[in-house]
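# Remarks on the overall topology
So you can see what is in the structure, the chains are spelled out below.
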Amino acid sequence: MQLCNINLVDVEGFRNIQVKSGLISIVAGDESFPANLPGETRISFKNAIAFPGLINSHDHLDFNLFPQTGNRIYHNYKEWSTDIQVANKELINSILKIDVATRTRWGLYKNLINGITTVVNHGKKNAFAYNLVNVIQNNYSLHSLEFEKNWKLKLNRILTKDQPYVIHIGEGTDDASYEEIDRMVRWNLFRRKLIGVHGVAMDEKQAESFEALVWCPVSNYFLLGKTAAIDKLKTKTAILFGTDSTLTAEWNLWEHLRLARSTNLMSDRELFEMLTTRPAAIWNLKNTGKIAENYVADIVIARRRGDSNNFNLFFSLNPEDILLVLCKGEIKLFDETLLETLKTPDFNATKFSKIIVAESCKYVQGNLPEPTSYVGFTSEQKN
């Protein structure tokens, strides 16, 4: 497959990309790019930008059919959980009646439609029958100090693999939220690799004890009215980006990124790297997170609206702007404007389902669950 005449977000000038056997084989300008080969799909874009498939470092895939649920600003996650279990019990029970497999599938589609090709699922490990995006679960997942039974024993088991422990930590604005971080660090007797999630109460000294911190600003502001001091913490630990589930954060990743950008807690490049090269390194994803030769062909191409610099264009995107998503070189989503180009003997369009995103028609791989309205998009069953 050849993808031609596109701007890379983090590189000046137009480039062409060739994909073979799930890898990026060539990234080059017109002068050194091979001519179209017989039988090879060639897509020439107009006004398009490309970037690596994004890496979402925190989600709960089976909790993405919930609306944002909360009734006020809370001091910490325990206070929030206690409140909604009472005030929103009927809503919560109605969603939980939907089987886990269906809820998880919608979580996978939420990520795909946003241009995310790798997601770290926090919680119980699941077997995914639908190979839509890469799902990372090869870590030790602890919920939190309050809600994870026997967390001290689990953290300090003698026989463990060299995998990080991922935990919600410091998710609050009160003294208890700050103190629980110190308690976690004290009880990390064998100095396991820790990846914290949220860290709103975290300070620089505490951050030194963590391999990384996953920043989820939309969830933080919705629950707590405050987010982590990323401008300070980033000097002590790696910062990754996470969406969290729709239980506490809207489904549109790009609104998350615009909120994060508006805080001025990091540069545009730092924020971009929180979704690409940095999580690839922390989660040990080999040859991932870049559009470069011999890297895995996780690629997103989107409409290039306007003539601003590439980072401005990137952060102004929405799901309806995404034209094509490749995961390991395989098409997982495409815009209807590409349908005729893709109609080749090697491409089976019947394996895709039609969805409407903000009046823009997309095709996604697989059979969607029964027709339903889902936050920002609707599905259409095939005849």
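It should be emphasised that the depicted structure is a prediction, and the values quoted were computed from it without experimental measurement. (Residues numbered from 1 in each chain as written. Predicted model: local features only at pLDDT ≥ 70, side-chain atom pairs only at ≥ 80, totals over all residues. Heavy atoms only, no water.)

Looking now at the overall build of the chain. Within the chain, the regular secondary structure consists of 13 helices and 20 strands. By the compact-globule yardstick of 21 Å for 383 residues, the chain fits well, its C-alpha radius of gyration being 21 Å. Judged by the C-alpha coordinates and their principal axes, the chain covers about 65 × 45 × 45 Å. Within the span of the chain, comprising 383 residues, buried residues form 55% of the whole. By element, 49% of the accessible surface of the chain is carried by carbon and sulfur atoms, the whole surface being about 16900 Å². Charge centroids of the chain, computed over 44 positive and 44 negative side chains, lie 5 Å from each other. (Helix = DSSP H or I, 4+ residues; strand = E, 2+ residues; numbered from the N terminus. Rg over C-alpha atoms; globule rule 2.2 N^0.38 Å. Buried < 20%, exposed > 50% of the residue type's maximum accessible area, 1.4 Å probe, protein only. Areas by Shrake-Rupley, 256 points an atom, 1.4 Å probe, with all protein chains shown as cover. Lys, Arg positive; Asp, Glu negative; His and termini not counted. Charge placed at Lys NZ, Arg CZ, Asp CG, Glu CD.)

A few words on the packing of aromatic side chains. In total, this model carries 16 aromatic pairs according to the counting rule given. Both rings, one in Phe347 and one in Phe352, keep their centres 5.3 Å apart while their planes meet at 35°; by these two values the pair is tilted. Take Phe347: its relative accessible area is 18%, and that puts it in the buried class. The structure contains a cluster of three or more aromatic residues connected by ring pairs, namely Phe51, Trp254, Phe272, Phe311, Phe314 and Phe315. (Phe/Tyr/Trp six-rings, centres within 6.5 Å; stacked < 30°, edge-to-face > 60°.)

In terms of nonpolar packing, the biggest core is built from 72 residues, with Phe51, Trp215, Ile230, Phe241, Trp254, Leu257 and Phe314 touching the most fellow members. Core analysis: the next-biggest nonpolar cluster, separate from the first, contains 28 residues, Met1, Val27, Ile43 and Phe347 among them. (Core = buried A, V, L, I, M, F, W, Y, C linked by side-chain atoms within 4.5 Å.)

Before going further, it helps to examine the sheet that holds strand S9 (residues 140–142). Read across the sheet, five strands follow the order S9-S10-S11-S12-S13 without closing on themselves; strand pairing throughout is parallel. In this open sheet, the two edge strands, each paired with only one partner strand, are S9 and strand S13 (238–241). Between one strand axis and the next, the sheet turns by 25° as a mean value, whatever way the strands run. On the sheet, helix H5 (residues 175–186) packs against strand S10 (165–169) and strand S11 (194–198) and is oriented at approximately 160° with respect to S10. (Pairing = 2+ DSSP bridges. Axes fitted to C-alpha atoms, helices over the stretch in contact; angles between N-to-C directions. Contact = heavy atoms within 4.5 Å.)

Moving on, we get to the environment of Leu65. Position of Leu65 relative to the elements: it lies in the loop between strand S6 (54–59) and helix H1 (77–87). Residue Leu65 is classed as buried on the basis of its relative accessible area, which comes to 19%. Spatially, the C-alpha atoms of Leu65 and Gly107 are 7.6 Å apart, while their sequence positions differ by 42 residues.

So, on to a nonpolar patch on the surface. Nonpolar side chains collect at one region of the surface, where Ile158, Leu159, Trp187, Leu189 and Phe190 lie side by side and expose about 590 Å² of accessible area between them. Following the sequence through the fold, Leu159 ends up in the loop between helix H4 (151–155) and S10. (Patch = residues over 30% accessible without salt bridge, like charges linked within 9 Å, V, L, I, M, F, W, Y side chains within 5 Å. Salt bridge = Lys/Arg side-chain N within 4 Å of Asp/Glu carboxyl O.)

Everything listed is a geometric property; what it means functionally is a separate question.
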